[in-house]
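Below, each chain spelled out in residue letters.
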Amino acid sequence: MNKFLRAVASGLAAGTVLASCNRVDFGPKEGYTEKDVQNYPTGEVDKTDWTADGSWDKQERDLFKDSGVNLNAAGRGAFNSIGLYPNPCAEYVHFYLGNRPVRNTPAPAAEPLQMRAVVVDKKYRPVHRFAGPANAGSEQKFAVQFPADKFEDGKLYRLYYVVYDANNQLYLKGHGDIKIKR
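Given the structure is predicted, the values throughout are model-derived calculations rather than measurements. (Residues numbered from 1 in each chain as written. Predicted model: local features only at pLDDT ≥ 70, side-chain atom pairs only at ≥ 80, totals over all residues. Heavy atoms only, no water.)

## Describing the environment of Lys155
At step 1: With respect to the secondary-structure elements, Lys155 resides in the loop between β5 (140-145) and β6 (156-165).
At step 2: A sequence separation of 25 residues divides Lys155 from Ile180, and the C-alpha atoms of the two residues are 5.7 Å apart. (Helix = DSSP H or I, 4+ residues; strand = E, 2+ residues; numbered from the N terminus.)

Printed below as a string of structure tokens:
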């Protein structure tokens, strides 16, 4: 009987671990950084959002498997600000990268950077993708639409982003959480 109970407990523990691997952990409290339409904080701040991420697990790396960027490489730079506003949002947000990376980088005019992003739901299912260039030396804003047929009101989503150069050298990878409020 003890072997049976241990086997059941072991199976339940393994199932819990597997289930948690397939769900986004949005963090404590609201789980996202609140910003108004002018990019000012209005409430909770999630300090794990809109920063450079160290390592990603396979599920996160697979979101960008067609990018040609080595996501295990060390990032070549850091932006002075990264974020998204307004948050919560209804239909449109601005994703921004403030200024050019500041360390170990070529001269600003030497190489334009590219950015790719994937928005996933709480089960890591891709819901929306977008990409664009990041001009050297200035803040870049990407207007992103959140169509009602893809995004549910009141739900949280995670946006993963990768910034890289023309040679597919990684500059930055990270994530941030978004709340839809229509």
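## Overview of the packing of aromatic side chains
At step 1: All told, the structure shown has 10 aromatic pairs when counted by the stated rule.
At step 2: Measuring from ring centre to ring centre gives 5.9 Å for Tyr85 and Tyr96, while their planes differ by 55 degrees; the resulting arrangement is tilted. Remark: Tyr96 occurs in strand β2 (residues 92-98) and Tyr85 occurs in strand β1 (residues 81-85); sequence separation between them is 11 residues. Both residues of the pair, Tyr85 and Tyr96, belong to the buried class.
At step 3: With 6.4 Å between their ring centres and 25 degrees between their planes, Tyr124 and Tyr160 make a pair best called stacked. Taken together, the positions of Tyr124 in the loop between β3 (113-120) and β4 (126-134) and Tyr160 in strand β6 put the pair 36 residues apart, joining distant regions of the chain. (Phe/Tyr/Trp six-rings, centres within 6.5 Å; stacked < 30°, edge-to-face > 60°. Buried < 20%, exposed > 50% of the residue type's maximum accessible area, 1.4 Å probe, protein only.)

## What about the confidence of the model for the protein chain?
The predicted structure's coordinates, where accompanied by low pLDDT, should not be read in detail.
At step 1: For the protein chain, the mean per-residue pLDDT works out to 80, and 76% of the residues sit at or above 70.
At step 2: Taken together, the stretch residues 4-20 has pLDDT below 50 and engages in zero contacts with residues farther than four places along the chain or on a different chain.
At step 3: This stretch, residues 105-110, has a pLDDT under 50; its non-local contacts, to residues over four places away or in other chains, come to 10 contacts. (pLDDT = per-residue confidence, 0-100. Contact = heavy atoms within 4.5 Å.)

## With respect to the pattern of salt bridges
At step 1: Inspection of the entire model under this criterion finds six salt bridges.
At step 2: Asp177 is paired through a salt bridge with Arg158; the nearest N and O atoms lie 2.6 Å apart. With Asp177 in strand β7 (residues 170-179) and Arg158 in strand β6, this pair connects stretches of sequence that are 19 residues apart. Judged on exposure class, the residue Asp177 and its partner Arg158 are both buried. (Salt bridge = Lys/Arg side-chain N within 4 Å of Asp/Glu carboxyl O.)

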